[in-house]
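# Close look at the chain arrangement
Residue strings, one per chain:
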Amino acid sequence: MSVRYDLKTGEATSTIYSLIKNGKYRDAIDILNYQVQINQKSRAGLSLLAYCYYSVQDFVNASDYYEQLSNMYPEQEQYKLYFAQSLYKCGLNTEAMKICSQIETPSLQFKVIQLQAAIKYAEDDINGCVEYIEKSPSDDASTEMNKACILFKEKKFERALEKFKKAKQTIGNRADISYNIAVCYYQLKQYDYSLRHIADIIEKGIKENPELSVGMQTDGIEVASVGNTLVLHESCLVEAFNLKAAIQFNLKNMNNAREALTDMPPRTEAELDPITLHNIAVMNMDEEPSSGFEKLQFLIQQNSFPFETFANLCFLYVKFGFYSLVADVLAENSHLTFKHLTPYEYEFMEAKIMQQTSPEEAYRKLEEMGVKQIDTLRKLTKEVQDVRKSNKEDPIKKALQEYDDNLEKYIPILMAQASIYWDMQNYTAIEKIFRKSVEFCSDHDVWRLNVGHVLFMQDNNKYRDAIGFYEPIVKKHYDNILNVSPIVLANLCVTYIMTSLNEEAEELMRKIEREEDKALEENPNQKFYHLCIINLVIGTLYCAKGNYDFGISRIMKSLEPYQKKLGTDTWYYTKRCFLALFESMAKQIIILKDQLVIEIIQFLTLCEIHGKNIKANVEEPFSDNPVHPGKNTIAYEARYLKWLFFEMIKY
């Protein structure tokens with residue numbers, strides 16, 4: 001239904017107030033903009049327009065209109081307060097503080113003090129924030145909340161939790177208080193308790209505001225944006241889903257993390273808040289790196305953004321190998337570098353950048369960092385031993401947590417050192433590095449996994465040793481085996497085969513097949529590649545040994561059914577083997593049987609049919625020569641391989 005803008009004098013007021021009452025702020029804004037154009041000095045029109053913009057979280061437009069009202073009616077200082085609030089919401093803290101200092105009306109002072117405290121809190125000025133909070137009435141309910149927030153900012157999460165719980169008893173079951181409690185549990189790594197409070201927020205939000213369309217995007221239902229309304233803000237649904245996504249991300253449940261983001265009330269990308277935009281970028285980085293980097297780059301150019309954004313952008317550049325871009329970001333944003341990166345993170349980043357031009361110097365720098373971390377770990381080991389003698393549960397937990405946190409800092413240093421020798425294919429040197437760290441890292445999954453990889457790469461003489469490192473990882477997740485990386489499972493199967501433990505390999509593959517069938521019953525539309533990748537790796541192994549008849553047959557069989565198994569990753573392994581086969585044919589090293597020739601033609605034809613909408617390669621962000629979308633499909637590459645094959649066999 002369209003909204004009429006040219007309302008009669010008597011109709012305008014009632015229509016606008018009815019729209020505002022029903023939360024239809026966008027419709028009210030359209031009418032008010034039309035009315036204000038007719039009478040540009042209408043106090044009521046400007047005031048309502050500013051209020052509506054503020055209600056839909058459009059703080060830039062709200063600040064513009066409140067500034068206009070402040071200049072037109074300087075004696076009405078509530079407009080200055082609203083102007084300052086809008087500036088604060090825009091991240092313009094200095095400007096907001098300046099406006100606050102101009103407000104003298106006694107009845108507004110309490111709200112002014114609260115706003116000034118919030119500004120200082122946003123600027124991480126704890127002392128300044130405390131000064132303003134102490135000016136607030138001690139019996140006010142919000143004062144207790146503010147004190148809890150201060151404790152949270154000081155990383156005193158347990159004390160903050162108690163304060164928030166006390167506030168909940170006093171104020172009631174408000175969504176924002178429940179969210180603050182959930183965040184405290186998150187920081188204490190008590191994820192079960194955090195998820196319970198998140199579930200309460202979501203359940204309450206769905207019950208009280210069904211119009212917010214929670215979960216409909218995940219179910220594949222097309223719904224219109226709900227906008228950034230006051231109702232959405234007060235429900236804390238966006239915050240709750242973001243926190244749920246963060247927990248699932250930390251627990252390595254990536255599908256659940258992404259689902260939490262799609263479950264939240266639908267909004268357009270332009271309407272997304274900075275935290276949601278950051279989380280979408282990070283959690284979809286493997287599938288959409290270009291889009292992810294664009295979002296993170298956009299965020300660091302804003303007045304305010306999630307604290308982790310800058311560090312995540314830098315580390316993701318490192319992960320994807322864009323070292324020159326990391327160096328540029330650090331150089332161009334020196335004001336952010338030392339605020340958002342710890343000395344440890346900055347040193348690590350420097351070493352990784354240095355590794356590209358001077359591996360020896362990078363190794364020396366990493367060695368210095370590693371020695372510091374080992375010294376800290378030795379001290380913490382002694383502290384843990386001393387604390388255990390007291391038999392007090394909380395101090396033991398804290399000591400162990402501190403040890404684990406420092407171990408997590410040491411592991412990346414160790415792996416960065418190993419990567420230098422990995423690039424040189426010097427696996428013996430990597431073994432020596434890992435042996436030095438066995439005292440602290442022997443139970444760490446990342447360490448065990450990488451030791452397994454290093455042993456695996458040394459072929460026959462180390463396969464049995466590799467089993468000793470891969471097996472515990474697989475057995476640890478045996479009940480949820482699809483959570484294990486397909487490459488780990490594939491490597492374990494290969495080591496079994498190469499050490500004549502064929503029964504163990506077959507049993508592991510049967511287990512994976514059963515789990516995939518079970519998962520497909522629960523999620524018929526989802527693709528599972530574990531068994532397929534294992535067969536591809538085994539097929540690749542036989543091709544590498546020159547047994548193309550068996551290797552290529554196994555590869556072709558592994559992709560059935562094509563609509564379920566054909567994907568970017570599986571195609572990568574497939575085409576490598578076919579190219580190796582064609583090279584051997586061109587050199588006249590092998591001659592194929594007629595039956596295998598027919599099967600290859602049929603296979604490539606089926607890949608062409610089913611691969612029309614599947615990308616053949618992951619698009620490299622910032623590539624100087626981007627692949628044409630029409631060529632970056634499995635169908636195109638399968639057709640090209642078939643043409644090459646026809647050329648080989650003179651078809």
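Basis of the calculations
Residues numbered from 1 in each chain as written. Predicted model: local features only at pLDDT ≥ 70, side-chain atom pairs only at ≥ 80, totals over all residues. Heavy atoms only, no water. Helix = DSSP H or I, 4+ residues; strand = E, 2+ residues; numbered from the N terminus. Expected span 1.5 Å × (residues − 1). Buried < 20%, exposed > 50% of the residue type's maximum accessible area, 1.4 Å probe, protein only. Contact = heavy atoms within 4.5 Å. Phe/Tyr/Trp six-rings, centres within 6.5 Å; stacked < 30°, edge-to-face > 60°. Lys NZ or Arg CZ within 6 Å of the ring centre and 35° of its normal. Salt bridge = Lys/Arg side-chain N within 4 Å of Asp/Glu carboxyl O. Core = buried A, V, L, I, M, F, W, Y, C linked by side-chain atoms within 4.5 Å. Axes fitted to C-alpha atoms, helices over the stretch in contact; angles between N-to-C directions. Parallel < 35°, antiparallel > 145°, perpendicular 65-115°, else oblique. Left-handed = near helix turned anticlockwise from the far one by under 90°. Nonpolar A, V, L, I, M, F, W, Y, C, P; charged D, E, K, R; others polar. Patch = residues over 30% accessible without salt bridge, like charges linked within 9 Å, V, L, I, M, F, W, Y side chains within 5 Å. Areas by Shrake-Rupley, 256 points an atom, 1.4 Å probe, with all protein chains shown as cover. Lys, Arg positive; Asp, Glu negative; His and termini not counted. Charge placed at Lys NZ, Arg CZ, Asp CG, Glu CD.

Let's shift gears to helix H4 (residues 59-72). Relative to the 20 Å expected for 14 residues at 1.5 Å per residue, H4 spans 20 Å between its end C-alpha atoms, a close match to the ideal helical length. Burial in H4 covers these residues: Phe59, Ala62, Ser63, Tyr65, Tyr66, Leu69 and Ser70. Here the buried face of H4 lies against helix H2 (25-38), helix H3 (43-55) and helix H5 (78-89).

This part is about the packing of aromatic side chains. Considering all chains together, one arrives at 29 aromatic pairs under this definition. The interplanar angle of 80° and the centroid separation of 5.5 Å between the aromatic rings of Phe293 and Phe320 together place this pair among those described as edge-to-face. Here Phe320 lies in the loop between helix H18 (309-319) and helix H19 (323-332) and Phe293 lies in helix H17 (residues 289-300), a separation of 27 residues in the sequence. On the accessibility criterion, Phe293 (0% relative accessible area) is buried. Residue class for Phe320 comes out partly exposed when judged on its relative accessible area of 23%. Judged by centre distance (5.4 Å) and plane angle (5°), the rings of Phe578 and Phe603 are stacked. In this pair, Phe578 sits in helix H33 (residues 568-586) while Phe603 sits in helix H34 (residues 594-610), placing the two residues 25 residues apart along the sequence. As far as the burial class goes, Phe578 and Phe603 line up, both buried. If you follow Arg43 out to its NZ or CZ, it ends over the ring of Tyr73, 5.0 Å from the centre. Just above the ring of Tyr344 sits the side chain of Lys409; from NZ or CZ to the centre is 5.8 Å.

Moving on, we come to the pattern of salt bridges. Under the definition given, this model contains 28 salt bridges. The partner of Arg364 in a salt bridge is Glu361, and the shortest N-O contact between them spans 2.3 Å. Here Arg364 and its partner Glu361 are both found in helix H22 (residues 359-390), 3 residues apart, which amounts to about one turn of the helix. Of the charged contacts, one joins Lys587 and Glu583 as a salt bridge, the two residues approaching to 3.1 Å between their closest N and O atoms. With relative accessibility at 46%, the residue Glu583 sits in the partly exposed group. Each of Glu361, Arg364 and Glu368 takes part in a single network of salt bridges with overlapping partners.

All right, on to the side chain of Gln458 then. Note that Gln458 resides in the loop between helix H26 (445-456) and helix H27 (463-476). The class of Gln458 is buried, set by a relative accessible area of 16%. Contact partners of Gln458, with chain neighbours within four places excluded, come to Tyr427, Thr428 and Glu431.

Further remarks concern helix H23 (residues 393-423). Here H23 is 31 residues long and its end C-alpha atoms lie 45 Å apart, about the 45 Å a rise of 1.5 Å per residue gives. After H23 finishes, the residue Gln425 shows a positive phi value of roughly 60°.

In this section: unusual backbone geometry. When glycine is set aside, most residues are seen to have a negative phi, and most peptide bonds are trans. A cis amide bond links Glu560 to the next residue, Pro561, at an omega of -10°. Residue Lys189 is not a glycine yet carries a positive backbone phi of 60°. With respect to the element layout, Lys189 can be found in the loop between helix H11 (175-187) and helix H12 (191-208). At Gln425, a position not held by glycine, the phi torsion is positive, near 60°. Within the secondary structure, Gln425 sits in the loop between H23 and helix H24 (427-436). Residue class for Gln425 comes out exposed when judged on its relative accessible area of 59%.

It is worth spelling out the nonpolar core at this point. Formed by 93 residues in total, the largest nonpolar core has its most connected members in Ile552, Leu581 and Ile600. The element contributing the most residues to this core is H23, with 11 residues. Once residues lying within four places of it in the same chain are set aside, the contact partners of Ile552 are Cys543, Cys577, Phe578, Leu581, Leu596 and Ile600.

Another aspect to go through is the packing of H3 against H4. One can describe the packing of H3 onto H4 by two numbers: an axis separation of 8 Å at closest approach and a directional angle of 150°. One finds that H3 runs roughly antiparallel with respect to H4. The crossing of H3 and H4 is left-handed. Within the contact between the two elements, H3 uses Arg43, Leu46, Ser47, Leu49, Ala50, Tyr51, Tyr53 and Tyr54 and H4 uses Phe59, Asn61, Ala62, Tyr65, Tyr66, Gln68, Leu69 and Met72. Across the contact of H3 with H4, the residue classes break down as 12 nonpolar, 3 polar and 1 charged.

Checked against the element boundaries, Lys511 lands in helix H29 (residues 502-522). The exposure class of Lys511 is buried, given its relative accessible area of 10%.

Right, let's get into a negative patch on the surface. A grouping of Glu383, Glu402, Asp404, Asp405 and Glu408 is seen on the molecular surface, where their side chains present a negatively charged patch. Take the negative patch: its biggest share by element is 4 residues, from H23. Mapped onto the secondary structure, Glu408 falls in helix H23. A relative accessible area of 46% means that Glu408 is categorised as partly exposed.

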